[in-house]
Amino acid sequence: FETMPLSRTTFGPWREGRFVPALEVAEKDNTLFVKADLPGLQREDVKVEVLPEGISISGERKEEKEEKREGYFRTERLYGSFERFVPLPDGALLDQAAATFKDGVLEVKVPLGAKPKPEARTLAIE
């Protein structure tokens, strides 16, 4: 089946037999927003960790489909764990980070502290 041209492992959220959730990362109003498309998952299937280095989104996907029609019966089972990592910029306020999950979409918000402005200086020429 892996050689079939329209195998689910070659496109969409399944690549090389692994589930890879799509991410959208944006910064607006001094807040970093990360959205992950996790269709078919429940809040309990997902783990979010906010670390000084970045945001880790992980979990396990279990998908089972059955189709019964006259003359045949088909079942598909797709299982697999996933992890996505988004680096955080300096000044991220980790203690104020929050996550919500609704309709298969995880949204993580991390407020960003004031960014230090680089100071202008004169360089000595050697």
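One structure accompanies this document, and this report is about it. Since the structure is predicted, the reported quantities are computational estimates derived from the model, not experimental observations.

Let's talk about the overall build of the protein chain
Then step 1. The helix and strand tally for the protein chain stands at zero helices and nine strands.
Then step 2. Overall, the protein chain shows an N-to-C arrangement of helices and strands of β-β-β-β-β-β-β-β-β.
Then step 3. Counting only residues that meet the buried cut, the protein chain has 27% of its 126 residues in that class.
Then step 4. Accessible surface, the protein chain as shown: approximately 9,800 Å² in total, 51% of it carbon and sulfur.

So, the pairing of strand S3 (residues 23-28)
Then step 1. Across six bridges, the pairing between S3 and strand S4 (residues 31-37) is antiparallel. Bridge assignment links Val25 to a residue of S4, and that residue is Val34.
Then step 2. In this structure, the hairpin formed by S3 and S4 is closed by a connection of two residues, where Asp29 is found at a positive phi of approximately 50°.

Digging into the environment of Asp29
Then step 1. You can see Asp29 is positioned in the loop between S3 and S4.
Then step 2. On the accessibility criterion, Asp29 (65% relative accessible area) is exposed.
Then step 3. Separated by 83 residues in the primary sequence, Asp29 and Leu112 place their C-alpha atoms 9.0 Å from one another.

Describing the sheet that holds strand S8 (residues 98-102)
Then step 1. Taken together, four strands build an open sheet; the order of strands is S3-S4-S9-S8 and the sheet is antiparallel. In the strand order of this sheet, the two ends are held by S3 and S8, each with one partner. Strand-to-strand twist of the sheet, defined as the mean angle between neighbouring strand axes without regard to direction, takes the value 15°.
Then step 2. Sheet topology places S4 next to strand S9 (residues 105-111); seven bridges connect them, and they run antiparallel. Within S9, the residue paired with Phe33 across the bridge is Lys109.

Some remarks on the nonpolar core
Then step 1. Among the nonpolar cores identified, the biggest contains 18 residues, and Val34, Leu38, Val46, Ile55, Ile57, Leu106 and Val110 are the most heavily contacted of them.
Then step 2. Where this core is concerned, the elements lending two or more residues are S4, strand S6 (54-69), strand S7 (72-87) and S9.
Then step 3. What Ile57 contacts, discounting residues up to four positions off in sequence, is Leu23, Val34, Ala36, Val46, Lys47, Phe82, Glu83, Arg84 and Leu106.

Calculation rules
Going along each chain's sequence as written, the residues are numbered from 1 onward. Per-residue local features are limited, in this predicted model, to residues with pLDDT of at least 70; the limit for side-chain atom pairs, both in listing and counting, is 80 or more; totals at the level of whole chains, interfaces and linings are taken over all residues. Based on all heavy atoms of the structure, the side-chain values leave hydrogens and waters out of the count. Labels follow the DSSP assignment, with helices taken as runs of H or I lasting at least four residues and strands as runs of E lasting at least two, numbered in each case from the N terminus. For every residue, the accessible area obtained with a 1.4 Å probe (protein chains only) is divided by the maximum for its type, and the residue is called buried under 20%, exposed over 50%, and partly exposed between those limits. Surface accessibility follows the Shrake-Rupley procedure with a 1.4 Å probe radius. Residue values consider only the protein chains on display as shielding. Whether two strands pair comes down to DSSP finding at least two bridges between them. Each axis is a line fitted through C-alpha atoms, taken for helices only over the stretch in contact, and angles between the N-to-C directions span 0 to 180 degrees. Residue types Ala, Val, Leu, Ile, Met, Phe, Trp, Tyr and Cys, when buried and joined through side-chain atoms within 4.5 Å, form a set referred to as a nonpolar core. Residues are treated as being in contact if the distance between any of their heavy atoms lies within 4.5 Å.

By themselves, these are just geometric observations and shouldn't be taken as functional.
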